Amino acid sequence: MTYYPVTEPVLDDTDRASLLEAFDTGWISSTGPHLVRFEADFARAVGTRHALSACNGTAALHLALLALGVKSGDEVIVPTFTYVATANAVRYCGATPVFVDCDPDTWNLAPAAVLAAITPRTVGIIAVHLYGAPADMDKLMHLAETYALWVVEDAAEAHGATVGDKVVGSIGEIGTFSLYGNKVITTGEGGAVTTDDPELARAMSLFRGQGMDPDRRYWFPVVGYNYRMTNLAAALGVTQLAKLDRLVETHRRVDSWYREELEGCEELVWQAELPGTRTVSWLTSVRYRPAENKPWVRDDLMARLASDGIDTRPFFYPMHVLPEYQRRGDFPCADAVSTSGLNLPSSPLLTRDDVAQIAGRVRQHVETLSLFNGVRFTPRRPLEQPSLV
């Protein structure tokens, strides 16, 4: 039986050659020519003056907040519907993540909820571009300017997405990216930060390298971290970046095929693309309407798809329900979205026929489950399959 993973990296002979070049030259640690080129190419791709590599996307977020001086007693506004790394990075700094609800159409940070959450202790906003769809940056940047706040863009899933003529990661004070194996482009494990501010770039570089003064070897004016990327990883990043535009278009094409194949399926709700923006469609993400606040209904659909060899993922748990962050509050949109959402196979290697096959099974199972009218039942046992996500 054919197995369709949620996603998979697109690797070719150019990636292999670049890795072997780095290997053969002996530059395998956190210095080397591929790192220099990767950072220059990444800054160019995003449209910022500076880009720094990092060992992963969470480290990139932490570097951004360290450079901005986030400390104990500060509050940072974070979407409750996001991956946990966004909130964790705030906690690493001793600050408090203040969670706000999402927009019902884009599933991103709701600007009205952000406005309601601002207090005298608020220092900034982390705008997550969830599943590759840009947040409402025009409104968020207006709020930030009005209340003298900074904005960090968490673009971990949104390489190449745009707002107007700007690439995400170039709009706020700092942009952060993940380069994990399931992202649009990958270095295996890795991350990056982008900024136009030379002082922020200098601070992030300092914190990234154990806090060592660049002009005085083994002198450490601050407590730093070892958040550096290796030259081997950067070698892969160089060739992956060269494919970015093509991979973005492929992701968008796969998502459009799903929307065409599942047109008229009223039980499914698609993530909206704001006017003037271009989503990456990192993952094709849908909400199964009958599962709102009834996650077992969504899980039944996923189990049936798994029995057909179709890998899926549930949406993230909202932060306010996790043990470390659990708190009272009214987050109706995040609760409804997180319990009803699933990510479909979104590999750039999928063909139109593959998508038609997957969509056909989705439609069939949705129609079958509608007969149960949301009543829980024991699903068929899912296949045990390897995971890349």
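Structure first, text after, so check above.
Residues numbered from 1 in each chain as written. Predicted model: local features only at pLDDT ≥ 70, side-chain atom pairs only at ≥ 80, totals over all residues. Heavy atoms only, no water.

Observations concerning the side chain of Thr-195
With respect to the helices, strands and loops of the structure, Thr-195 is situated in strand S9 (residues 191-195). Within the local environment of Thr-195, its side chain forms a polar contact with the backbone oxygen of Glu-173, the two atoms lying 2.8 Å apart. Excluding residues that lie within four positions of it along the chain, Thr-195 makes contacts with Thr-48, Arg-49, His-50, Glu-173, Ile-174, Leu-200, Ala-201 and Met-204. (Helix = DSSP H or I, 4+ residues; strand = E, 2+ residues; numbered from the N terminus. Polar contact = N/O pair within 3.5 Å; in protein donor to acceptor, adjacent residues only side chain to side chain. Contact = heavy atoms within 4.5 Å.)

Quick notes on unusual backbone geometry
Residues other than glycine seldom take positive phi values, yet Ala-148 does so here, at roughly 55°. Position of Ala-148 relative to the elements: it lies in the loop between helix H6 (137-146) and strand S5 (150-154). Given a relative accessible area of 69%, Ala-148 falls into the exposed group. Here the phi dihedral of Tyr-218 falls at roughly 65°; this positive angle occurs in a residue that is not glycine. (Buried < 20%, exposed > 50% of the residue type's maximum accessible area, 1.4 Å probe, protein only.)

Let's talk about the packing of aromatic side chains
Evaluated as defined, the whole model comprises eleven aromatic pairs. Aromatic side chains Trp-107 and Phe-315 sit 5.2 Å apart centroid to centroid with 55° between the ring planes, which places their arrangement in the tilted category. Here Trp-107, found in the loop between strand S3 (96-100) and helix H5 (111-117), pairs with Phe-315, found in the loop between strand S13 (313-314) and helix H11 (332-340); they are 208 residues apart in sequence, far enough to count as distant. Centre to centre, the rings of Tyr-225 and Tyr-227 are 5.2 Å apart; their planes meet at 15°, and the pair counts as stacked. An aromatic cluster of at least three residues, connected via ring pairs, comprises Phe-81, Tyr-83, Trp-107, Tyr-131, Trp-282, Phe-315 and Phe-316. One residue, Arg-216, lies across the ring of Trp-219, its end atom 3.9 Å from the ring centre. Its end group placed over the ring of Tyr-218, Arg-217 keeps NZ or CZ at 5.7 Å from the ring centre. (Phe/Tyr/Trp six-rings, centres within 6.5 Å; stacked < 30°, edge-to-face > 60°. Lys NZ or Arg CZ within 6 Å of the ring centre and 35° of its normal.)

Some thoughts on the pattern of salt bridges
Enumeration over the complete set of coordinates arrives at 19 salt bridges. Here Arg-121 ties to Glu-75 by a salt bridge, and the two come within 3.8 Å at their closest N and O atoms. A residue pair is termed long-range when its members are at least 10 positions apart, and Arg-121 in the loop between H5 and strand S4 (122-128) and Glu-75 in strand S2 (residues 75-79) qualify at 46 residues. (Salt bridge = Lys/Arg side-chain N within 4 Å of Asp/Glu carboxyl O.)

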